[in-house]
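Listed below are the residues making up each chain.
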Amino acid sequence: GESVGLHLPTLSVQEGDNSIINCAYSNSASDYFIWYKQESGKGPQFIIDIRSNMDKRQGQRVTVLLNKTVKHLSLQIAATQPGDSAVYFCAETPGSGYSTLTFGKGTMLLVSP
Amino acid sequence: NAGVTQTPKFQVLKTGQSMTLQCAQDMNHEYMSWYRQDPGMGLRLIHYSVGAGITDQGEVPNGYNVSRSTTEDFPLRLLSAAPSQTSVYFCASSREPSGASTDTQYFGPGTRLTVL
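Okay, so let's go over this structure. (Residues numbered from 1 in each chain as written. Chains lettered and ligands numbered in written order. Predicted model: local features only at pLDDT ≥ 70, side-chain atom pairs only at ≥ 80, totals over all residues. Heavy atoms only, no water.)

1. Quick word on the overall build of chain B
Helices and strands together make up the secondary structure of chain B, namely zero helices and eleven strands. From first element to last, N terminus to C terminus, chain B shows the α and β order β-β-β-β-β-β-β-β-β-β-β. Whereas a compact globule of 116 residues would reach a radius of gyration of roughly 13 Å, chain B reaches 13 Å, a difference of no more than 12%. By its C-alpha atoms, chain B is 40 × 30 × 25 Å across when sized along the principal axes. Here chain B holds 116 residues, and the buried ones make up 49% of them. Long-range contacts, defined here as pairs at least 24 residues apart, represent 55% of the contacts in chain B between residues at least 6 apart. Averaging the locations of the 8 positively and 9 negatively charged side chains of chain B gives two centres separated by 12 Å. (Helix = DSSP H or I, 4+ residues; strand = E, 2+ residues; numbered from the N terminus. Rg over C-alpha atoms; globule rule 2.2 N^0.38 Å. Buried < 20%, exposed > 50% of the residue type's maximum accessible area, 1.4 Å probe, protein only. Contact = heavy atoms within 4.5 Å. Lys, Arg positive; Asp, Glu negative; His and termini not counted. Charge placed at Lys NZ, Arg CZ, Asp CG, Glu CD.)

What follows is the structure in structure tokens.
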């Protein structure tokens, strides 16, 4: 989702729940998409990526879904843990390099024990 | 490997002062970049380098200079700081700029800069 003012959209879940974080993109030419995790006071950390010729990709406890028709990307985290609490944001590029990456504003995930 | 390191972690400047934000990586990555992160804005690319001696502008280059004399180091210079440059600055590196899954960008811990 989009942020309102300076406040990030927040998703609050209980430990053990599955989390779904959404991202809408606008560039229909985007070819490569990345999800990053950013913990408080740290730099972004790569989670998972996907190319436009795929609609689903799975990692360890994470799955990224891509719907090119509606230009929508989602990150699913299975069995969410307190250590998953962070800001998550997506990035997109037409595939010509990191210099053309466009970053989303982010969603804060809060996991309660 | 230390990965990507940045110094200082925090800095307060007065308007008009100059300073250099340091960034170093020990992974022998060719590609390095500087981003700024502002609340509600996401990360925006300032400058990037595809190898020693080669730099180029990103989305928001005004007010910043860079140089890349070695593969390891990529300093960011603010010649005359302005309050609009108050932000968190991240340096990143990767083996190549191709955006392929094997070329993950590694980010440093960030420098929090306040310009009064």
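2. Regarding the sheet that holds strand S3 (residues 19–25) of chain B
Backbone-to-backbone hydrogen bonds join strands into a sheet, with any given pair of strands oriented parallel or antiparallel. All names here are of chain B. Within the open sheet, the four strands sit side by side as S1-S3-S8-S7. Their pairing is antiparallel. Pairing within the sheet leaves two strands with one partner each, and these edge strands are strand S1 (4–7) and strand S7 (64–66). The mean angle between the axes of side-by-side strands here comes to 20°, regardless of whether they run parallel or antiparallel. (Pairing = 2+ DSSP bridges. Axes fitted to C-alpha atoms, helices over the stretch in contact; angles between N-to-C directions.)

3. A few points about the state of the cysteines
By the definition in use, this model includes two disulfides over all chains. Between the sulfur of Cys23(A) and that of Cys90(A) lies a disulfide, 1.7 Å long from S to S. Pair noted here: Cys23(A) is in strand S2 (residues 19–24) and Cys90(A) is in strand S8 (residues 86–93), with a separation of 67 residues, a long-range link. Given the relative accessible area of 9%, Cys23(A) is considered buried. Looking at Cys90(A), the relative accessible area reads 8%, which means it is buried. At a sulfur-sulfur separation of 1.9 Å, the disulfide partner of Cys23(B) is Cys91(B). A torsion of -70° about the S-S bond marks the disulfide between Cys23(B) and Cys91(B) as left-handed. On the criterion of sequence distance, the pair formed by Cys23(B) in strand S3 and Cys91(B) in strand S9 (residues 87–94) is long-range, its members being 68 residues apart. A relative accessible area of 0% places Cys91(B) in the buried class. (Disulfide = S-S within 2.5 Å.)

4. Thoughts on the sheet that holds strand S6 (residues 62–67) of chain A
Residue and element names in this part refer to chain A. Ordered by their spatial adjacency, four strands build an open sheet running S2-S7-S6-S5, and the pairing between neighbours is antiparallel. If you trace the sheet from one side to the other, it starts and ends with S2 and strand S5 (56–58), each paired once. On average, adjacent strands in this sheet sit at an angle of 15° to one another, irrespective of strand direction. As paired elements, S5 and S6 share three bridges and run antiparallel to each other. Bridge pairing links Gln 58 to Thr 63 in S6.

5. Some details on the environment of Tyr32(A)
All names here are of chain A. Note that Tyr 32 resides in strand S3 (residues 32–38). Spatially, the C-alpha atom of Tyr 32 lies 9.2 Å from that of Asn 53, the residues being 21 residues apart in sequence. At 2.6 Å, the side chain of Tyr 32 and the side chain of Asp 49 are in polar contact. (Polar contact = N/O pair within 3.5 Å; in protein donor to acceptor, adjacent residues only side chain to side chain.)

6. Looking at the pattern of salt bridges
Side chains bearing opposite charge may pair, as long as their charged atoms lie close to each other. A full pass over the atoms with the stated rule returns six salt bridges over all chains. With its nearest N and O atoms 3.9 Å apart, the salt bridge here joins Lys42(A) to Glu39(A). Residue Arg44(B) pairs with Asp38(B) through a salt bridge whose shortest N-O separation is 2.8 Å. You'll find Arg44(B) and Asp38(B) in the same group, each marked buried. Overlapping salt bridges bring together Arg36(B), Asp38(B) and Arg44(B) as one network. (Salt bridge = Lys/Arg side-chain N within 4 Å of Asp/Glu carboxyl O.)

7. As for the side chain of Glu92(A)
Residues and elements named next belong to chain A. The residue Glu 92 is located in strand S8 in this model. With no salt bridge to any partner, buried Glu 92 finds its closest opposite charge in Lys 71, at an N-O distance of 9.1 Å. Here the side chain of Glu 92 touches Ser 30 through a polar contact of 2.4 Å, side chain to side chain.

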